Amino acid sequence: QVQLVESGGGLVQAGGSLRLSCAASGSILSINVMGWYRQAPGKQRELVATVTGGGTITYVDSVKGRFTISRDNAKNTVYLQMNSLKPEDAAVYYCNAAIRDIWLQLRDYWGQGTQVTVSS
């Protein structure tokens, strides 16, 4: 069994910062891409940022220069530092990871989601 557990969401004023964390645990052999997605009410889930095992990073244009994704491979953890938050950043944020388990099965896993609320 593999699990992704997120933490760090909450309520913040516009212009403020939050840091999300997502730790993977269980029968993990290796982790490929880790990333963050978000879904606002009435909208489709969208990619926010990803980081590969080799450190290649991508961001959606709307968060470039404000959000920073990073990962700690020793801890199987990915982070999302969110600065200069805007009301339009409010959403449920989901962690995602492509994980190969000890039985060599590769699949996508999702966290439970963490709410980010930004007040104007």
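Calculation criteria
- Residues numbered from 1 in each chain as written.
- Predicted model: local features only at pLDDT ≥ 70, side-chain atom pairs only at ≥ 80, totals over all residues.
- Heavy atoms only, no water.
- Helix = DSSP H or I, 4+ residues; strand = E, 2+ residues; numbered from the N terminus.
- Rg over C-alpha atoms; globule rule 2.2 N^0.38 Å.
- Buried < 20%, exposed > 50% of the residue type's maximum accessible area, 1.4 Å probe, protein only.
- Contact = heavy atoms within 4.5 Å.
- Areas by Shrake-Rupley, 256 points an atom, 1.4 Å probe, with all protein chains shown as cover.
- Lys, Arg positive; Asp, Glu negative; His and termini not counted.
- Charge placed at Lys NZ, Arg CZ, Asp CG, Glu CD.
- Pairing = 2+ DSSP bridges.

(A) Molecular detail of the overall build of the protein. Along the backbone of the protein there are 0 helices and 11 strands. In the protein, the succession of helices and strands from N to C terminus is β-β-β-β-β-β-β-β-β-β-β. Here the C-alpha radius of gyration of the protein, 14 Å, is about what a compact globule of 120 residues would show, namely 14 Å. Across its three principal axes, the protein shows a C-alpha extent of roughly 50 × 25 × 25 Å. Within the protein, buried positions represent 41% of all 120 residues. In the protein, of all internal contacts separated by at least 6 residues, the share reaching a separation of at least 24 is 55%. Carbon together with sulfur atoms contributes 49% to the accessible area of the protein, which is approximately 6400 Å² in total. If you average the places of the 11 positive and of the 8 negative side-chain charges in the protein, the two averages end up 2 Å apart.

(B) View of the pairing of strand β8 (residues 77-82). The element β8 is extensively covered by neighbouring structure, given that 5 of its 6 residues are classed as buried. For strand β3 (residues 18-26) and β8, the ladder comprises 6 bridges, and the chain directions are antiparallel. From the neighbouring strand, leucine 18 faces β8, where its bridge partner is methionine 82. Sheet analysis places strand β7 (residues 67-72) next to β8, joined by 6 bridges and oriented antiparallel. Directly across from aspartate 72, in β8, lies its bridge partner threonine 77.

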